[in-house]
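A structural walkthrough
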Amino acid sequence: MQVDLHCHSTASDGALTPDALVALAAERGADLLAITDHDTAAGCRALPARLPVAFLPGIELSCRWRDRTLHVLGLGIDPEAAILRAAEAHQRALRFERAERIAARLAARGVPAPLEGALAQANGAAPGRVHFARHLVACGFAADEAQAFRRHLGDGRDCAVPVAWPALETAVAWIRAAGGEAVLAHPARSRLAGETLRQLAADFAASGGSGLEVVCGAQPPAVTRRLAALCRATGLAASCGSDFHHPAQHWLPFGRTGLPADLKPIWERRQATWA
Ligand code: AMP
Ligand code: MN
Ligand code: MN
Ligand code: MN
């Protein structure tokens, strides 16, 4: 099975429209795809009913756990569920409120029209840090997006303002109420390890989370081994995805990720909805 249960479209900070993303996944030979935009399922709602690849509607919710920002994937959600719509509206409001605070900091550094610029880059999507990064590149304040994050917008930099994202258990509850499976995204990326990571996995499972993203993008094999071991220890199911945002990310296995053979694939719980 070639599976990709984590990628982004123009509905959040991806470069491809949902249609183009689905077409590319089919071209790459994907057997199963989920589009998981940041805090919105609008991209999934925009797709036609018939697709060239088996598809699970998804979302990547921003949330917090012990003062950290984490991401939880919702897979197989009902994009029309009222609770999901309410959750999206909540997150969207937080993103607009944060955008004003980021813009104020960038304006103080001499960046021209940062809010207008980021909203133009977002083109109707709720503004994220990537849209500010693109604006910084467009107006010559950064050589590329990576530099914009390194200097200004990355975690810990002064224009990465904190957000009161909902608690982890709230994000999981929204996903469950919308009929989806909650999967902890890229658990190793927030520099979590050892006992803290085990506590997070335990809290996540106790909140109703059902899976860990064991494979995310082009991660080192040692990380996969560590997360696979955590999966076995907790009894959680396993997920995999590329976290693809842009065709220039040629190193990412878009549409073609897989899991260690002994793990329980999260999609097996969902076979009826996409087979
Ligand atoms: P946000 O959800 O608006 O806070 O933005 C998070 C997104 O910013 C991630 O999903 C990535 O797409 C992007 N991002 C975060 N950190 C970096 C970084 N250091 N370099 C490039 N992109 C980043
Ligand atoms: Mn992103
Ligand atoms: Mn993420
Ligand atoms: Mn992502």
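Since we're looking at a predicted model, the values are computed, not measured. (Residues numbered from 1 in each chain as written. Chains lettered and ligands numbered in written order. Predicted model: local features only at pLDDT ≥ 70, side-chain atom pairs only at ≥ 80, totals over all residues. Heavy atoms only, no water.)

Turning next to the overall build of the protein chain. Along the protein chain, the regular secondary structure elements total 10 helices and 7 strands. The C-alpha atoms of the protein chain give a radius of gyration of 18 Å, which matches the 19 Å a tight globule of 275 residues would have. Projected onto the principal axes, the alpha-carbon positions of the protein chain cover approximately 55 × 45 × 40 Å. Here the protein chain holds 275 residues, and 55% of them are scored as buried. For the protein chain, the share of sequence-separated contacts (at least 6 apart) that also reach a separation of at least 24 residues comes to 69%. Summing over all exposed atoms, the protein chain offers an accessible surface of approximately 11,800 Å²; the carbon and sulfur share of this is 53%. Taken as two groups, the 29 positive and 27 negative side-chain charges of the protein chain have centres that lie 5 Å from each other. (Helix = DSSP H or I, 4+ residues; strand = E, 2+ residues; numbered from the N terminus. Rg over C-alpha atoms; globule rule 2.2 N^0.38 Å. Buried < 20%, exposed > 50% of the residue type's maximum accessible area, 1.4 Å probe, protein only. Contact = heavy atoms within 4.5 Å. Areas by Shrake-Rupley, 256 points an atom, 1.4 Å probe, with all protein chains shown as cover. Lys, Arg positive; Asp, Glu negative; His and termini not counted. Charge placed at Lys NZ, Arg CZ, Asp CG, Glu CD.)

Spatial ordering of the open sheet is given by β1-β2-β3-β4-β5-β6-β7, a layout of 7 strands whose pairing is mixed. Only two strands of the sheet have a single neighbouring strand rather than two, namely β1 (3-4) and β7 (237-241). Relative to strand β4 (residues 68-75), strand β3 (residues 54-65) runs antiparallel, the two being bridged by 8 bridges. Each residue of the ladder has a partner; that of Gly58, found in β4, is Leu75. (Pairing = 2+ DSSP bridges.)

What follows concerns the pattern of salt bridges. Evaluated as defined, the whole model comprises 12 salt bridges. Asp158 is the salt-bridge partner of Arg109, the closest N and O atoms lying 2.1 Å from each other. A residue pair is termed long-range when its members are at least 10 positions apart, and Arg109 in the loop between α3 (82-108) and α4 (114-122) and Asp158 in the loop between α6 (145-153) and α7 (168-177) qualify at 49 residues. The exposure class assigned to Arg109 is partly exposed, which follows from its relative accessible area of 37%. On the basis of relative accessibility, which here comes to 39%, the residue Asp158 falls in the partly exposed class. Linking Arg270 and Glu181 is a salt bridge whose minimum nitrogen-to-oxygen distance equals 3.3 Å. Placement of Arg270 in the loop between β7 and α10 (271-274) and of Glu181 in strand β5 (residues 181-184) is noted, with a sequence separation of 89 residues between them. One exposure class covers both Arg270 and Glu181, and it is buried. Members of the salt-bridge network, linked through shared partners, are Glu181, Arg269 and Arg270. (Salt bridge = Lys/Arg side-chain N within 4 Å of Asp/Glu carboxyl O.)

Once that is clear, we can look at the domain arrangement of the protein chain. For the protein chain, the assigned domains are domain 1 (3-87 + 166-273) and domain 2 (98-153). Averaged C-alpha coordinates put domain 1 and domain 2 at centres separated by 26 Å. Contacts between the two partners involve 5 residues from domain 1 and, on the opposite side, 4 residues from domain 2. Of the roughly 310 Å² buried between domain 1 and domain 2 on both sides combined, carbon and sulfur atoms contribute 46%. Across the contact surface, domain 1 and domain 2 share 0 salt bridges. For the interface between domain 1 and domain 2, the tally reads 2 residue pairs in polar contact (both at pLDDT 80 or more). For the side of domain 1 that touches domain 2, the residue count by class is 1 nonpolar, 3 polar and 1 charged. (Domains from an automatic or database assignment. Buried area = accessible area lost by both parts, 1.4 Å probe. Polar contact = N/O pair within 3.5 Å; in protein donor to acceptor, adjacent residues only side chain to side chain. Nonpolar A, V, L, I, M, F, W, Y, C, P; charged D, E, K, R; others polar.)

Here we come to the packing of aromatic side chains. For any two aromatic rings, the description comes down to two numbers: the centre-to-centre distance and the angle of the planes. Evaluation of the coordinates by the stated rule reveals 1 aromatic pair. With centroids separated by 4.3 Å and ring planes inclined at 25°, the aromatic side chains of Phe244 and Phe254 adopt a geometry described as stacked. Of this pair, Phe244 sits in the loop between β7 and α10 while Phe254 sits in the loop between β7 and α10, and the two are 10 residues apart along the sequence. Note on Phe244: relative accessible area 1%, which makes it buried. Judged by relative accessible area, which is 0%, Phe254 ranks as buried. (Phe/Tyr/Trp six-rings, centres within 6.5 Å; stacked < 30°, edge-to-face > 60°.)

Let's shift gears to the pairing of strand β6 (residues 211-216). Extensive coverage of β6 is indicated by the burial of 6 of its 6 residues. Across 2 bridges, β5 lies against β6 in parallel orientation. Considered in β6, the bridge of Leu184 is made with Leu212. Taking the sense of rotation as the criterion, the β-α-β connection linking β5, helix α8 (residues 194-206) and β6 turns out right-handed. Examined bridge by bridge, β6 and β7 share 5 bridges and lie parallel to one another. Along β7, the bridge assignment pairs Gly211 with Ala237. (Right-handed = clockwise from strand over helix to strand, strands pointing away.)

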